Amino acid sequence: MTTTTPARGRRRAPSRMERAAGRAAAFQKPRVILALLLLLALTSVMLLDGYLRSEIGNDARVRDGAAYDKVPSRILDGGPLLTFDHGTATTQSVPDRTIVLTFDDGPTATWTPQVLKVLEENDVDATFFMVGSMISRYPGVVKSLVKQGNEVGIHTFTHVDLSYQSAARLQRELKQTQLALAGAAGVTTTLFRAPYSSEIDAVDNYSWPVYQEIGDLGYTSVFVDTDSDDWKKPGVSKIVRWATPKKNEGAIVLMHDAGGDRSQTISALGTYIKKMKAKGYTFTTVSGAQAMLNGNRSGVGRQSGSAGAGAGASAGAGIGGTGAAQAAQHQAAGATLYEGRALVYAVAVAEWVVPALSWFLLVVGVAVMGRFGMMLVLARRHHRQRNRGRGKGGRGGGRFSWGPAVTRPVSVIVPAYNEKECIANTLRSLAKSTHPIEIVVVDDGSDDNTSEIAESLGMPNVRVVRQENAGKPAALNNGVRTARHDIVVMMDGDTVFEPDAVHQLVQPFADPEIGAVAGNAKVGNRTTLIGAWQHIEYVMGFNLDRRMYDLLRCMPTIPGAIGAFRRDAVLGVGGMSEDTLAEDTDITIALHRAGWRVVYQEHARAWTEAPGSLRQLWSQRYRWSYGTMQALWKHRKSLTDKGPSGRFGRVGMPLVVLFQIVTPVFAPLIDVFTGYSMIFVDFRAALLAWLAVLAVQLVCAAYAFRLDREKYRYLAMLPLQQLAYRQMMYLVLIHSCVTALTGGRLRWQKLKRTGEVGTPAGAGR
């Protein structure tokens, strides 16, 4: 029987979705690029944070005991200030009764401000040799330090032994630290102290070329005369004693404001300053000492007993660094200033984003593991209840029963658009049904003889209804309206039913509270790699989920491949809506909100043809993901629904949003974190963590395969699926999120079918 029916309520003009499709198509590629750029930006932030924390590019080698025969003896016997004038090395010593306090390895937010407080209380300035990565993390501390009248010097960006590094790495370490200083305090400096350096007589054959190159760049290398060894935490008295120069000699004194607990340094500093002032010593900076050596003692330090007279009180001691005590500093300008500010801002973003993401991903990871546990528990309970549980009346130990057997005829609706490859197999499988059915094929404007093929089979219980092309929702609605029975089964035109699928699918309708039933969709073309990956996903990701959602009474989706509905329930919620691309999710949520119960029937099996190429798979999942978001947004008010009809909003909506949108969106970051940890942090620990998660997923998948009586050999594909297929699904979801956030619209996309799914026996189990 053939009927031609126009799509009721539709005009020949393109639908709203179709009109938007043309406009949206031009934006799809930019959205993909935007999604990838977003992931790249987050990865870059992680790499920057790792670089700042010396997880990336870290070189912990420290040279010791090297020969020094190539270093001029006059240098080894010289003072702690090393400069180069046209290639000629010169050293200078600090004047007698002069102390240059220097602090290495900072700044820090904890100890540097305490050091500054003690210096300010004692009217003393100091020189801070700072690590660039620390400067960029604590720019406010650096700005306060310079403004107070102290001087800054470079201590490299990542605190590496430069004698092991290339010339390019040396240049990079210096430039990046200068940029950090410019961004933090608006200054640059010509003072340098190498990490792991001490007195000048420790210069060896490997470090001497480094100092020559640095000197040629205009830097003054600053060594030490006395080392307080405060990093050893020997106690206040020893720090004071070890920092005190012999007799009345001047000295550059080394202390630290970073690198661990510096409470002893803070306690010793005030005591040391008072002791040395009592001996008549002057405190100044490196630049102040150089000015004194050149005969200029004005504004270079703070004399004992002359509070407020030093560089910190002078007009030139501001942030611009124009005073004698800050002569090595220069006002940053131009590209250096702006690049420095950009670096500081980028680091600020990394300092906030990476820890926040780490905690968030930890929460997500715990939630995902909890979900796995809940899925296993509820899936087992569901299987036991539906297969070995008590009868519905609660008496006896027989098999589970929904109630009296449903034997009355039902209508099977097959929407079809250009399904010439599959329609014959689909209808032949329905002809073998053990349940009485009528078949309504709704030809949605096909131009490939789909309807003619359906009619040529000569099946007496098949009706072909033709309509102008209006989309799958319109075709399903047309089928529902023309159906003769009170229960309608909906399927895709490429799906093959097992003989008892319809009978099993409609049995739950013995319970009058049930308005719809989700069947068990299986991948038929699983012999290919892509098919096998989707097979794992269907068994584990979809059907295991449905068991859980069934017991929680918040089933989010009835699969388009196999689902059954009460006809009155569908019409009561307005039919299949065209508002979203996921009409199956949309109608399921609508039925929940109307007070109907939706269940999962594992024994009703149908075999569907999954996409055969990555391009088609992307297209299908992109539509699914975007349509699901549309449906959730459309039914967002379900969150406030009351009573039984609000159960989906209270339970299902949060679960779907968390585990089908939020978690997958951030899942690539978990993989990025894992890869980052393997490469830069601890390969063994990161690998073990990844393998542990894989083992949990393997357990869940194996249990899902056991429940569905599937062969375990496909699980050998699971590790590769996690590495390749899963990443693609995540990118699809991110792409969908970007489309949703930018207001894009999609249209239905017809997948290319091969018709290779013929009968269940040939599905490749």
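Before reading further, recall that the structure is shown in the block above.
Residues numbered from 1 in each chain as written. Predicted model: local features only at pLDDT ≥ 70, side-chain atom pairs only at ≥ 80, totals over all residues. Heavy atoms only, no water.

Chemist: What is the right way to read the pattern of salt bridges from this model?
Modeler: A side chain with one charge may pair with a side chain of the opposite charge, provided their charged atoms come close. Going through the model one piece at a time under the given rule, you end up with 21 salt bridges. When the shortest N-O distance is used, the salt bridge between aspartate 708 and arginine 547 registers 2.9 Å. Taken together, the positions of aspartate 708 in the loop between α21 (683-707) and α22 (718-741) and arginine 547 in helix α16 (residues 529-552) put the pair 161 residues apart, joining distant regions of the chain. The exposure class of arginine 547 is buried, given its relative accessible area of 2%. (Salt bridge = Lys/Arg side-chain N within 4 Å of Asp/Glu carboxyl O. Helix = DSSP H or I, 4+ residues; strand = E, 2+ residues; numbered from the N terminus. Buried < 20%, exposed > 50% of the residue type's maximum accessible area, 1.4 Å probe, protein only.)

Chemist: I would appreciate a short explanation of unusual backbone geometry in the present structure.
Modeler: Note: most peptide bonds trans; most residues except glycine with negative phi. Of note, the amide linkage connecting glycine 106 to proline 107 takes the cis form, showing an omega dihedral of 0°. Counting through the fold element by element, proline 107 comes out in the loop between β4 (98-104) and α3 (111-121). Of note, aspartate 123 is a non-glycine position whose phi angle comes to about 55°, a positive value. Looking at the element boundaries, aspartate 123 is found in the loop between α3 and β5 (127-130). Non-glycine residue asparagine 418 carries a positive phi angle of around 55°.

Chemist: I tried to follow the side chain of glutamate 602 on my own but got confused; where do I start?
Modeler: Take glutamate 602: it is sitting in strand β22 (residues 597-608). On the accessibility criterion, glutamate 602 (3% relative accessible area) is buried. A polar side-chain atom of glutamate 602 sits 3.1 Å from a polar atom in the side chain of asparagine 387. At 3.0 Å, the side chain of glutamate 602 and the side chain of arginine 547 are in polar contact. (Polar contact = N/O pair within 3.5 Å; in protein donor to acceptor, adjacent residues only side chain to side chain.)

Chemist: In this structure, what is going on with a positive patch on the surface? I would like to understand it.
Modeler: Together, Lys238, Arg241, Lys275 and Lys279 give the surface a local cluster of positive charge. Its relative accessible area of 47% is what places arginine 241 among the partly exposed residues. (Patch = residues over 30% accessible without salt bridge, like charges linked within 9 Å, V, L, I, M, F, W, Y side chains within 5 Å. Areas by Shrake-Rupley, 256 points an atom, 1.4 Å probe, with all protein chains shown as cover. Lys, Arg positive; Asp, Glu negative; His and termini not counted. Charge placed at Lys NZ, Arg CZ, Asp CG, Glu CD.)

Chemist: Where do I start with the packing of aromatic side chains in this structure?
Modeler: To describe a pair of aromatic rings, you give the distance between the ring centres and the angle between the ring planes. Taken as a whole and judged by the stated rule, the model has four aromatic pairs. Measuring from ring centre to ring centre gives 5.1 Å for phenylalanine 103 and phenylalanine 128, while their planes differ by 20°; the resulting arrangement is stacked. Linking phenylalanine 103 in strand β4 with phenylalanine 128 in strand β5, this pair joins segments that are 25 residues apart in sequence. Note on accessibility: phenylalanine 103 and phenylalanine 128 belong to one class, buried. Summarising the aromatic geometry, the rings of tyrosine 272 and phenylalanine 283 are spaced 6.4 Å apart at their centres and angled 85° between planes, so their arrangement reads as edge-to-face. Note that tyrosine 272 is positioned in helix α9 (residues 263-278) and phenylalanine 283 in strand β12 (residues 282-284), a separation of eleven residues in sequence. No difference in accessibility class separates tyrosine 272 from phenylalanine 283, as the two residues are buried. Arginine 63 extends its terminal NZ or CZ atom over the ring of tyrosine 164, reaching a point 4.0 Å from the ring centre. Across from the ring centre of tryptophan 633, 4.1 Å away, lies the NZ or CZ of arginine 636, which sits over that ring. (Phe/Tyr/Trp six-rings, centres within 6.5 Å; stacked < 30°, edge-to-face > 60°. Lys NZ or Arg CZ within 6 Å of the ring centre and 35° of its normal.)

Chemist: Would you take a moment to explain the nonpolar core for this structure?
Modeler: Soluble globular proteins tend to pack their nonpolar side chains together in the buried interior. Core analysis: the biggest nonpolar cluster contains 62 residues, and Leu101, Leu119 and Tyr272 have the highest contact counts within it. Ranked by residues supplied to this core, first place goes to helix α6 (residues 167-185) with seven residues. Setting aside residues up to four positions removed in sequence, leucine 101 forms contacts with Leu119, Val124, Ala126, Thr127, Val253, Leu269, Tyr272, Ile273, Phe283 and Thr284. Counting 59 residues, the second-largest nonpolar core is a separate cluster that includes Val368, Ala631, Leu694 and Leu718. (Core = buried A, V, L, I, M, F, W, Y, C linked by side-chain atoms within 4.5 Å. Contact = heavy atoms within 4.5 Å.)

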